[in-house]
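If you want the building blocks of each chain, they are given just below.
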Amino acid sequence: MTDIQQTVAGLVARARAAQRIAEGYDQQRIDELVMAAGWAIIEPARNRELAALAVADTGIGSVDDKVRKNHRKTLGLLRDLAHAKSVGVIAEHPDSGVIEIARPVGVVCAITPSTNPAATPANKIINALKGRNAVIVAPSPKGWSTAAKLLEFIHAQFERIGAPPDLVQLLPSPVNKQSTAELMRQCDLVVATGSGANVRAAYTSGTPAFGVGAGNVAGIVDESADVQAAADRIVLSKTFDNATSCSSENSLVVVEAVRESLLAALAARGAVLLDAAQKARLQALMWPDGKLSSAVIGKSAAHIAAQAGFDTLAKTSLRILMVDENAQHGFGAQHPFSGEKLSPVLAIYTARDFSDAVRIVERIYAFQGAGHSVGLHSQLPARALELGLKLPVSRVIFNQAHCIATGGSFDNGLPFSLSMGCGTWGKNNFSDNMNYRHYLNITRVSQAIAEKVPSEQEIFGAFFARHGKA
């Protein structure tokens, strides 16, 4: 057995022992664990310490926005879980004679990204605990110290309530591909959020896994949109935490009739449309070797502008950099602005009409982002339904700030989450916002009910009436 295998085996053994204890807890005790973990990150002083540490260690995002994210996403998750049953009998269906019983999955391997080194681990830890599981966090190397501090806070809260600390553990530093792969192999469930490589590794680990697809969200602004309100929502979404969220818009597809008015509204809010020469310089900075540079990920628009040599722009109240992209052939690896940028940089596509906008989004998602979500700013609700019927997306976000809404919000009905399933479009095995039920096994007790066998006429009647009985 290698040193890595021994280290991971020790972690998992301790996690299994703690999980066996938690499996004997009732719902009230489990909910105390959930509250303890939630308060560990929500308490204001701890929250700010985690946010500051995250930005200092990763160089990604905004401290104030991470404070808001840590608070809002955790508070929303706790609201979602407040009355959810996850211990013992959770549902009875007298008509079908089925009783549902919640069972833990065991030890969860939680793979988390550098973009959210506190909020995402906290979300996964809380969901895992809700199901009476133990969880071992495998953070990105840059996010390790933030995750370690989060676990320190959680363990202090566990000590207050007399809970076993080994329910929540951390893969030791230095985290690498080998140790993460071994943890995935030895755990009972893998939940992976982060790079495509991590998600693919999770799905090929030999352990049941949930992984999420790439972002690269597009938002449509149609001719009926309230452009002032749309601009407010777009800027809020695109600038939040320097666009580190997979749910931040990366492209806007604007119907020609409102292009100029929308660009003017965005300009009034600090968004600047670059010319062709500036676009070329920005592209060289962002993709120096064909791969998105870490030098721009999660940085402010002013910081990126200064790096690109746009000194005058960098000294203004700049919030977003925008570039025009060709609506006929501006898609794919040769047009990197059509992909995910993880920074306050937006590609602008101009569509003739709404049908053309749908075509453009289809082309974008054929390159990257299929399965995640699409935004729509419009006064025509039927168009949101049309997008849901036509586009390869798991969510349609209608007249909302996209990155705030997609992972659940207090003004919509989506579950609070930082892991968005992208369905088979995104090569995922689920299309929900990941939630506590993904961390449960469900046993079903089936009882006999009065037999009722349908006649052939009941089943085939409408079919025979239309096509005859042959």
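What follows concerns the sheet that holds strand β4 (residues 134-139). Taken in spatial order, the five strands make up an open sheet running β5-β4-β3-β6-β7, and their pairing is parallel. The outermost strands of the open sheet, each flanked by one partner alone, are β5 (168-170) and β7 (209-211). Each adjacent strand pair in this sheet contributes to an overall mean axis angle of 15 degrees, direction not counted. Each of β3 (107-112), β4 and β6 (189-192) is contacted by helix α7 (residues 177-186), which is oriented at about 150 degrees to β3, the strand it contacts most.

For serine 378, the position within the fold is in the loop between β13 (374-377) and α15 (381-390). Of the polar contacts made by the side chain of serine 378, one reaches the side chain of serine 224; its length is 3.2 Å. Not counting residues within four places of it along the chain, the set of residues in contact with serine 378 comprises Asp222, Ser224, Ala225, Arg383, Phe398 and Asn399.

The biggest cluster of nonpolar side chains holds 70 residues, and the ones touching the most others in it are Ile125, Phe158, Leu167, Val168 and Leu183. At eight residues, helix α2 (residues 27-42) tops the list of elements feeding residues into this core. The contact partners of valine 168, leaving out residues within four places of it in the chain, are Ile125, Leu129, Val135, Leu151, Ile154, His155 and Phe158. In terms of nonpolar packing, the next biggest core, distinct from the first, is built from 44 residues, Ala308, Tyr349, Tyr365 and Val374 among them.

Further remarks concern the environment of valine 34. Position of valine 34 relative to the elements: it lies in helix α2. In this structure, the C-alpha to C-alpha distance between valine 34 and arginine 132, residues 98 residues apart in sequence, is 9.9 Å. If we skip the residues at most four places from it in the chain, valine 34 touches Leu78, Leu81, Ile126, Leu129 and Lys130.

A separate point is the pairing of β13. Covered by surrounding structure in β13 are Val374 and Leu376 together with Gly375 and His377, the residues of both alternating faces. In this structure, strand β8 (residues 217-221) lies alongside β13, joined through four bridges in parallel fashion. What sits directly across from valine 221, in β13, is histidine 377. In this sheet, strand β14 (residues 396-398) lies alongside β13 in parallel orientation, the contact comprising three bridges. Note on β14: the bridge partner recorded for glycine 375 is isoleucine 397. In terms of handedness, the path from β13 via α15 over to β14 forms a crossover that is right-handed.

Quick notes on the rules
- Residues numbered from 1 in each chain as written.
- Predicted model: local features only at pLDDT ≥ 70, side-chain atom pairs only at ≥ 80, totals over all residues.
- Heavy atoms only, no water.
- Pairing = 2+ DSSP bridges.
- Helix = DSSP H or I, 4+ residues; strand = E, 2+ residues; numbered from the N terminus.
- Axes fitted to C-alpha atoms, helices over the stretch in contact; angles between N-to-C directions.
- Contact = heavy atoms within 4.5 Å.
- Polar contact = N/O pair within 3.5 Å; in protein donor to acceptor, adjacent residues only side chain to side chain.
- Core = buried A, V, L, I, M, F, W, Y, C linked by side-chain atoms within 4.5 Å.
- Buried < 20%, exposed > 50% of the residue type's maximum accessible area, 1.4 Å probe, protein only.
- Right-handed = clockwise from strand over helix to strand, strands pointing away.

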